[in-house]
Structure formats: structure tokens, C-alpha cells
Amino acid sequence: MLASGVDRILISEEEIIERCKVLGAQISKDYEGSAPVFIGLLKGSVPFMAELIKHVSIDCMLEFMDVSSYSGTESTGDVKIVKDLDCSIKDLDVIIVEDIVDTGRTLNTVVELLYSKGAKSVKVCSLLDKPDRRIVDITADYVGFKIPNEFVIGFGLDFNQKYRNLPYVGVLKEECYK
Ligand code: IMP
């Protein structure tokens, strides 16, 4: 039985776990000899971060920051830092963990910010990528799934703060926002 508001499941929990195993192994290989800091963007990245790091076999650190750019289903384009990092990332390799790259505005701002804080390198690992919606020219280095231009919820993604707890990624029913 689907949660009310969900039109259909786009990506199942099993598919997400399998993909996290592949991404975790790839990251572990690429960063061998380094101890990268995974920086999750709250709140959407939390379930993805939790699954991903189980499959990372190298030393690593975990941090979170909170930036906001959305209201309902629309990006406002105005990215605000709601919670900044608590630690220094100077000379460290950073991997930003994000739920979805949509217009690319959020990531672009965060990548610049992390370089300005002295990061040695900044890469991006995103559960989802909606390439059709891109406004800013930015590509994630590690992508779970490319998806079509539909508003999705679950596995961390919300609609007005609801549905983050769903164990799958689903498409939001149009009647919820039209
Ligand atoms: P961007 O700055 O437009 O790339 O937006 C990125 C942020 O917008 C993500 O971290 C999500 O919080 C939110 N977002 C974009 N598309 C969706 C969606 O389909 N469902 C839920 N949140 C979304």
C-alpha cells in the first residue's frame, strides 16, 4: 500500500541499497590514502548518507550543514546558509552528499563556499540527478540515479517537510500541488 500523496514508486529501497554499495566501493577506491569528509546537506541527505557510508571502507569523517532554497515545489534561487559547518575543512578532501541536483543552484553555492573555507578538493555525490532542470552548469561526480523531470519524495526528499521517511523514492501526485 503506497503512502497517500504518492503516485507511484520510481526507485525501490532495494535498488537504492544496491546502488549505494557500488558508489561506496567507487569512492573508497578513488579516495584510498585520503580520509575525506562527507558533508551532508540537511535534511534531505540523511537517509542517503546513512546508507552510503555503510559501504565506504576507508577512514572518513562526517559533517552536516543546512542550506535552503526551496519553498513547496519551486526553487527560490536564493540559497541561504541555515547551519554552517562546526569544524575546519582546511586542506581536506570534501565530498558533498546531496539528495538531488535539480537547478544546480544549491550545489554551486556550496561548492564555492567550501573552497573558500580552504578545502583541498570538493566533489559531489548525489542520490538523484534531474539533468533537464539544470540552470547552473554543474555535474555531480557520483550519481545514484538520473530521473525525469517529476517532483519526487521519499528517502529524504520532502514536499513541505513531509514524506522524508518513505523507504523508497516516489513521484508526488500532481493533485497535491496543482
Ligand atoms: P537546486 O538548487 O535547484 O539544485 O535544488 C536542490 C534542492 O532542491 C534539493 O536538495 C532538494 O531539497 C530540493 N528539490 C529539488 N527537486 C526536488 C524534488 O523533486 N523533490 C524534493 N525536493 C527537491
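Residues numbered from 1 in each chain as written. Predicted model: local features only at pLDDT ≥ 70, side-chain atom pairs only at ≥ 80, totals over all residues. Heavy atoms only, no water.

Structural notes on the site of the ligand
The immediate surroundings of the ligand are formed by 17 residues, with Asp99, Thr103, Gly104, Thr106 and Val152 found nearest. A distance of 2.8 Å separates an oxygen atom of the ligand from a polar backbone atom of Gly104. Take Val152: an N or O atom from its main chain is 2.6 Å from a nitrogen atom of the ligand. For the ligand, whose free accessible area comes to 490 Å², the fraction covered by protein is 92%. Listed by contribution, the elements that provide at least two residues to the shell around the ligand are strand E3 (61-71), strand E5 (93-101) and helix H3 (105-116). If you tally residues by element for the shell around the ligand, the top one is E5, at three residues. (Near = heavy atom within 4 Å. Polar contact = N/O pair within 3.5 Å; in protein donor to acceptor, adjacent residues only side chain to side chain. Areas by Shrake-Rupley, 256 points an atom, 1.4 Å probe, with all protein chains shown as cover. Helix = DSSP H or I, 4+ residues; strand = E, 2+ residues; numbered from the N terminus.)

Description of unusual backbone geometry
Omega for the bond connecting Leu42 with Lys43 falls within 30 degrees of zero, at -5 degrees, which places this linkage in the cis form. The topology assignment puts Lys43 in the loop between strand E2 (37-42) and helix H2 (46-53). Unlike most non-glycine residues, Asp91 shows phi in positive territory, near 60 degrees. Tracing the sequence through the fold places Asp91 in the loop between strand E4 (74-83) and E5. Phi is positive for Tyr163, close to 80 degrees, though the residue is something other than glycine. Tracing the backbone through its elements, the reader meets Tyr163 in the loop between strand E8 (152-153) and strand E9 (169-172). Judged by relative accessible area, Tyr163 falls into the buried class, the value being 10%. (Buried < 20%, exposed > 50% of the residue type's maximum accessible area, 1.4 Å probe, protein only.)

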